Amino acid sequence: MCGIVGAVAERNITAILLEGLKRLEYRGYDSAGVAVFTHNGTLERMRRNGKVAELEQALAGEPLMGRLGIAHTRWATHGAPSERNAHPHFSGSDLAVVHNGIIENYEALREQLKGLGYVFTSDTDTEVIAHLLNHKLKDQSDLTEALKATVKELHGAYGLAVISAKQPDRLVAARSGSPLVIGLGLGENFLASDQLALRQVTDRFMYLEEGDIAEIRRDSVQIWDVNGKSVQRETVQYRDGAEAADKGEYRHYMLKEIHEQPAVVQRTLENRLGQDHVLVQAFGPQAAELFAKVRNVQIVACGTSYHAGMVARYWLESLAGIPCQVEVASEFRYRKVVVQPDTLFVSISQSGETADTLAALRNAKELGFLASLAICNVGISSLVRESDLTLLTQAGREIGVASTKAFTTQLVGLLLLTLSLGQVRGTLEAGVEAQLVEELRRLPARLGEALAMDATIEKVAELFADKHHTLFLGRGAQFPVAMEGALKLKEISYIHAEAYPAGELKHGPLALVDNDMPVVTVAPNNELLEKLKSNLQEVRARGGELIVFADEQAGMTNGEGTHVINMPHIHDVLAPILYTIPLQLLSYYVAVLKGTDVDQPRNLAKSVTVE
Ligand code: HGA
């Protein structure tokens, strides 16, 4: 979502701030801005609606030079995307603030501050922070102390970076509910909402914890915890080079990331498979002992990760014999939940900073779950740090907003979890586990075969380019795959897409079917196939055009209005992972035909760190 970058150095920092914003832009991108304490001794800012490139162009025309600055890329929550709502927000001419998150009591604060004579120039919740801080500075001239007093009055979530022309030797920061990391340099220091923004300037980082306030100067960093106690935070060093952030030979990040799936699935399996069984220790040293006690599983996630959880439910109940519930985090966190004894709480999130999922995990701690497990792509995320057990997916950095490789690696992680639980609890026959382990080893090659269908799918995409509505059908564990396919299509091509379990068709959605509504079907290759074929007849009888992804051994053939795309044969349990690939490619090629912004679709953002 929004991104924060800050720097205090002896050299000009504007280029560093801009580069940081570019690295964060895939998360939120409706406007951007920078504030710099210039060589003239004044605080100046430049803001632009639109992408970071607009800001860069503006700065090329009118450079801002200085050694202290903060910058922001915005994904609006309060107030439309526009230059006046873009951060940094000023109070007077001396104070600049950037903010990630939401201030829930901003209306009351706004009224109070207006009463004190402050004039608001934006519609954001953020601007109240700038004025409140300005007000606190009247009693307390030290910026850090004034920020400590300010955050006491804020309800909601914030990652904040502040600079003042009156104390131009420091950046001051506060974290509550929105991540911040300090980048440590030599005679210079930095701040960002994600270390990725700073990898070009340092490899040493210090993560702020909930409630921390930090004062960052060129040659020192001081941190106070939520109780105001001065604390040290551990320094983490990354030795690997910054991850490749270019598109290589691909036209879009999304296509690159789709094609990375065989490799990242392979990586996710590495060191986790024994000869004929899953290595349960992959989930942490105490996993075997905890898993032996598990009698229920509660999965909580959002968006694409929620669909991964839905697939896992079929696996956990059919293979490991464990009752499983799956819920979207934004509902779970606010509902009165009854927890069955010995329930494992599983959260799934690509970034590990998804606000609703993180809040659900924090609530879960009070609800009497046996333990918590995070399936996550970022090892240094809040979700991972706050969970008892972790399985890191190895998808690498995912830049495209529409999640692809994160989803398939989550599925792999969830299948490893299913097999581990079945193994430890003795509910899964060793022979079945051995067979599935073998199938998992072959999975990267199968995914490669599905990717080789690229040109076929590109052709199929033409059927959708002029359509406004589509239906996606599946049965069994292929139903959540259909849900994920529909989500991908709507996210990046803006075509209305709905997913249904095929058996539900006649209970309502069949009324929508006509020759203008393509119906995409993900066929199961099991006892449900014959049932699905009957459902498809119901569509054909109403003139609906069918696009069916089916196992090459399922015996389905093309006919009038029926396009069958044969998929490489695969074990039924792994089919959801394989069938995801053509659906990703389909939405990609439809979006390309429609000319949308594939990697940064309108209104969306990566890593949803607000509620
Ligand atoms: N509420 C602020 C910041 C939004 C944000 O953090 N988005 O991810 C605004 O609307 O500007």
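From a predicted model like this one, the values you see are computed outputs, not experimental measurements.

*Asks:* I keep staring at the overall build of the protein chain and nothing clicks. Help me out?
*Replies:* The number of helices and strands found in the protein chain is 18 helices and 25 strands. Compactness check: the protein chain gives a C-alpha radius of gyration of 26 Å against a globular reference of 25 Å for 611 residues, within 12% of the reference. Out of the 611 residues belonging to the protein chain, those deemed buried represent 61%. Partitioning the contacts of the protein chain with sequence separation of at least 6, the portion at a separation of at least 24 is 72%. Per element, the accessible surface of the protein chain, about 23100 Å² overall, is 47% carbon and sulfur. Once the 60 positive and 76 negative side-chain charges of the protein chain are each reduced to a mean point, those two points are 3 Å apart.

*Asks:* Would you mind going over helix α14 (residues 430-451) with me for this structure?
*Replies:* If you check α14, its first and last C-alpha atoms are 32 Å apart, about what 22 residues at 1.5 Å a residue would give, namely 32 Å. The largest bend in α14 amounts to roughly 45° and is located at Leu443, with the proline Pro444 lying one to four residues further along.

*Asks:* Just to check I follow, could you spell out the sheet that holds strand β16 (residues 296-301) for this structure?
*Replies:* Through backbone hydrogen bonds, the strands of a sheet pair up, either in parallel or in antiparallel fashion. Within the open sheet, the five strands sit side by side as β17-β16-β18-β19-β20. Their pairing is parallel. Each having just a single partner strand, β17 (324-328) and β20 (389-392) make up the two edges of the open sheet. The sheet shows a mean angle of 20° between the axes of neighbouring strands, taken without regard to direction. Here strand β19 (residues 371-376) pairs with β20 via four bridges, running parallel. Each bridged residue has a counterpart across the sheet, and for Ile375 the counterpart in β20 is Leu391. Contacts from helix α11 (residues 355-364) reach β16, β18 (343-349) and β19 within the one sheet, and its direction differs from that of β18 by about 165°.

*Asks:* In this structure, what is going on with the pairing of strand β7 (residues 156-164)? I would like to understand it.
*Replies:* Every regular strand shows the same layout, with side chains that alternate between the two sheet faces. With eight of nine residues buried, β7 is to be regarded as a mostly interior element. With nine bridges joining them, strand β6 (residues 95-103) and β7 adopt antiparallel strand pairing. By the bridge assignment, Ala96 is partnered in β7 with Ile163. In this sheet, strand β8 (residues 170-176) lies alongside β7 in antiparallel orientation, the contact comprising four bridges. Across the sheet, Leu160 pairs through a bridge with Ala174, a residue of β8. The hairpin formed by β7 and β8 contains five residues between the paired strands.

Definitions and limits used
All residue numbers refer to position in the chain's written sequence, counted from 1. Thresholds applied to this predicted model are a pLDDT of at least 70 for local features of residues and 80 or more for the giving and counting of side-chain atom pairs; totals over whole chains, interfaces and linings are not thresholded and use all residues. To get the side-chain values, all heavy atoms of the structure are used, and hydrogens and water are removed first. A run of H or I in DSSP becomes a helix once it reaches four residues, and a run of E becomes a strand once it reaches two; helices and strands are each numbered from the N terminus. In this setup the radius of gyration rests on C-alpha atoms only. A globule is expected at 2.2 Å times the number of residues raised to 0.38. Working definition: with a 1.4 Å probe on protein chains only, accessible area under 20% of the residue-type maximum means buried, over 50% means exposed, and in between means partly exposed. Note on definitions: a residue-residue contact is assigned when non-hydrogen atoms from the two residues lie within 4.5 Å. Only the protein chains shown count as cover for residues, with accessible areas throughout obtained via the Shrake-Rupley method and a probe of 1.4 Å. The convention is simple: Lys and Arg are positive, Asp and Glu are negative, and His and the chain ends are not counted. Taken as the charge location is NZ of Lys, CZ of Arg, CG of Asp or CD of Glu. Each helix should span, by expectation, one fewer than its residue count multiplied by 1.5 Å. The angle between axes fitted to the seven residues ending at a residue and the seven residues starting there is what we call the bend at that residue. By definition, two strands form a pair when at least two bridges between them are found by DSSP. Only the stretch in contact is used when fitting a helix axis, every axis being a line fitted to C-alpha atoms; angles between N-to-C directions are given from 0 to 180 degrees.

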